[in-house]
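# Inside the fold
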Amino acid sequence: MVSNQGSDKSGKDQRLALQSLPTTAALENCLQILESNSPLNLTPVTNFARQEFISRISFLENKISKMWLFKSFVQLGIPPLYLFIILIIMSGLMIGNMYKRSVYLLCNLVGVVYPAYKSIQTIDSLSTISDNEKEVSNSSTVIVNEQKQWLTYWAIYGWLQVADHWSNWLLEMFPGYNLFKLIFLYWAQDDRSRGATLIFEKFLKPLLQKNIQNNNKIDSFTTNQKQRQTLRQRQQLQYNGNELYNQQQSSSLVSEPTPEEIWRRDTVVTSRENEIKPYRLNNV
């Protein structure tokens, strides 16, 4: 009984939410009619459409319905559904015209405005968490994921800007390069797809781990080489010290005079003293 009441309440809340978003409600009714009248099971396709398209349309409709200009037009008697469709069509025409006139400006606007806003939001949330140390354990994972997302995105955007230096060559090889770049930037920065995080997890993280392992191997090799070099130096110093000691010992053993040499040296000294004595007496 409780489960039925809960399901009825959630369904009522969903209907009230759809009434406040008429465009989303109209698209949802179209999907329900398609599911009920189709002979095939289209539930996977319709669920995919709800998740990827209708959820985004409802998000935009919710944001636009809170704008002052939109409310003013609704008060004039224009239905919100028609107003939202007209706004979507005008936005599409404006983006298409900008794409034809200055695709480089459009790519920069798409690639910079929203990511810069989200990056500033991440920095602000990081500063507020540092002020409230109690909430660090609950929000640290979210902050790390946001930093990973936007730091990777800016690295990807920087490489795309470098690739734009050879845009003429790229346009010759890939005629739809600019359109592909717009789609790729939207996919990389979108909150649902989070393409930048996916690129980091699938491609950049394995490369970084491989480089870290290679650097650790090089560091260990250099430290082992230094240890072997210092060991060789110590062994060489010890060998040189032993050689010097042996030379000193051998020289001390060789330099000891024999008794005959002592006798000859004494006789030479006494004979010289005998020769010098008369000279000293005469001088005195």
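Preceding this paragraph is the structure being described.
Residues numbered from 1 in each chain as written. Predicted model: local features only at pLDDT ≥ 70, side-chain atom pairs only at ≥ 80, totals over all residues. Heavy atoms only, no water.

## Observations regarding helix H9 (residues 177-189)
With 13 residues, H9 should cover 18 Å at 1.5 Å per step; its first-to-last C-alpha distance of 18 Å lies within 8% of that length. Among all positions of H9, only Tyr177, Asn178, Lys181, Leu182, Phe184, Leu185, Ala188 and Gln189 are buried. (Helix = DSSP H or I, 4+ residues; strand = E, 2+ residues; numbered from the N terminus. Expected span 1.5 Å × (residues − 1). Buried < 20%, exposed > 50% of the residue type's maximum accessible area, 1.4 Å probe, protein only.)

## Looking at the layout of surface pockets
Taken as a whole, the largest pocket holds about 1400 Å³ of empty space. What lines the largest pocket is a set of 32 residues, and nearest its centre among them are Leu60, Ile95, Val110, Tyr186 and Gln189. Within the residue set of the lining of the largest pocket, elements represented by two or more residues are helix H3 (43-65), helix H5 (80-101), helix H6 (103-131) and H9. Among the elements that take part in the lining of the largest pocket, H3 stands out by supplying nine residues, more than any other. Along the lines of polarity and charge, the residues of the lining of the largest pocket split into 22 nonpolar, four polar and six charged. Each of domain 1 (17-85) and domain 2 (101-190) contributes no fewer than three residues to the lining of the largest pocket. For the second largest pocket, the full set of lining residues is Ile64, Met67, Leu69, Phe70, Phe73, Leu83, Ile86, Leu87 and Met90. Looking at the lining of the second largest pocket, the elements with two or more residues in it are helix H4 (68-75) and H5. The leading source of residues in the lining of the second largest pocket is H5, at four residues. (1 Å grid on protein atoms, 1.4 Å probe; cavity = no way out; pocket = protein on both sides within 12 Å on 5 of 7 lines; lining within 4 Å. Points joined across faces, edges and corners; volume = space filled by probe spheres on them. Nonpolar A, V, L, I, M, F, W, Y, C, P; charged D, E, K, R; others polar. Domains from an automatic or database assignment.)

## Details of unusual backbone geometry
At arginine 194, a residue that is not glycine, the phi angle is positive and equals roughly 50°. Mapping arginine 194 onto the fold places it in the loop between H9 and helix H10 (195-254).

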